[in-house]
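Per-entry structural report
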Protein chains: 2
Amino acid sequence: MHLLNDNLGTVMRISELARRAGMSAHTVRYYEKVGLLTPSQRTESNYRVYNKDDVITAEFIKRSKECGFSLSETASLLAIKNDKSQHVCAEAKQITQTKIIEIAAQIENLKKMQNTLTELEAFCCGGQESAEFCSIISSLEQET
Amino acid sequence: MHLLNDNLGTVMRISELARRAGMSAHTVRYYEKVGLLTPSQRTESNYRVYNKDDVITAEFIKRSKECGFSLSETASLLAIKNDKSQHVCAEAKQITQTKIIEIAAQIENLKKMQNTLTELEAFCCGGQESAEFCSIISSLEQET
DNA sequence: TTTGACCTTAGATGTTACTCTAAGGTTTAT
DNA sequence: ATAAACCTTAGAGTAACATCTAAGGTCAAA
């Protein structure tokens, strides 16, 4: 069963959906396995068939990930998107605020590392001298 | 065979080492499995026995992790520490510089996410209104 | 002597998010 | 007609870093 002639441009198979959303077909199947993205139908030969809404959902997942949301947070956001009338803004805002705080903490932590590393780097000669007195190594050996 | 009376304070078993280095005994065994931290000896009953050098090594691993180094990078640093005369400062500095660049990239990425999320958050009313027109959800649905 | 804290091992499990493989069936174009 | 490109499944593998379990052995103190 072919589908391109029946619904030109409106339905597609997995590769095309993957291409449009900027992910691999493998990943699309994985998202289906974890319940994020189910094809709207199947062909007679059991091929997955996606429509425009599925493309929007796939792109939604992509953007959500780019914003730093995990797949399970993305699932929560998708639940809101898929049944908007049963959800309120406060829910989406809550998820977003929690993530903002989480990311701020991650940034803080990385900055601390960055400061430590920059100090370590600054003190090390970095030359062909023996590591016997390397300041990086000795700093890691004990509190100073 | 007991050991505390023989070498008071200088040798210890796994729990004590773990306590001093601020990690679990499980983790210490895991570090041994991946080749990072081998006990200097064993008792007759096959208990692991650690000495002061092992404590330094354990703390080294802990600090290295706190600086953001992976276990495999930590292994490289430990190799330098354990045979300093055969290594030069340049090696330690190289590892450090690479990590600094890596962390800087991570921070950049998180900041981008933070900006996006902050914008999303600012536009959302966050109230008990239906999510029908939620700006967070609709932003994720399509490029605007 | 017996309780409780500690130790041993190999190996299973968990997390997150994929990524790939094997072995085969389908579709399209030439 | 046949080759290339696509699709299917279950399930294994990857990375990084542990964390836990089962089944048992050891040790110190009351």
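Note that the structure is a prediction, hence the values are computed from the model and not measured. (Residues numbered from 1 in each chain as written. Chains lettered and ligands numbered in written order. Predicted model: local features only at pLDDT ≥ 70, side-chain atom pairs only at ≥ 80, totals over all residues. Heavy atoms only, no water.)

1. Points about the protein's contact with DNA strand C
- Around DNA strand C, the structure places 20 residues, and the nearest of them are Tyr31, Ser45 and Tyr47 of chain A together with Ser15 and Arg48 of chain B.
- Here, DNA strand C places atoms within 4 Å of the protein, and 72% of those atoms are sugar or phosphate.
- The backbone of Leu71 of chain A places a nitrogen or oxygen atom 3.1 Å from a phosphate oxygen of DNA strand C.
- Of all elements in the fold, only α2 (25–33) of chain A together with α1 (14–21) of chain B reach the threshold of two or more residues within the surface near DNA strand C.
- At four residues, the largest contribution of residues to the surface near DNA strand C is made by α2 of chain A.
- The class makeup of the residues in the surface near DNA strand C is seven nonpolar, seven polar and six charged. (Near = heavy atom within 4 Å. Polar contact = N/O pair within 3.5 Å; in protein donor to acceptor, adjacent residues only side chain to side chain. Helix = DSSP H or I, 4+ residues; strand = E, 2+ residues; numbered from the N terminus. Nonpolar A, V, L, I, M, F, W, Y, C, P; charged D, E, K, R; others polar.)

2. A closer look at the sheet that holds strand β1 (residues 11–12) of chain B
Residues and elements named next belong to chain B.
- In spatial order, the strands read β1-β3-β2; together these three strands make up an open sheet with antiparallel pairing. Every other strand in the sheet has two partners, leaving β1 and β2 (41–42) as the edge strands with one partner each.
- Pairing analysis gives two bridges linking β2 to strand β3 (residues 48–51), with the strands arranged antiparallel. From the neighbouring strand, Arg42 faces β3, where its bridge partner is Arg48.
- Of the strands in this sheet, β1 and β3 are in contact with helix α3 (residues 52–66), which crosses β3 at around 85 degrees. (Pairing = 2+ DSSP bridges. Contact = heavy atoms within 4.5 Å. Axes fitted to C-alpha atoms, helices over the stretch in contact; angles between N-to-C directions.)

Any link to function would need more than the numbers given here.
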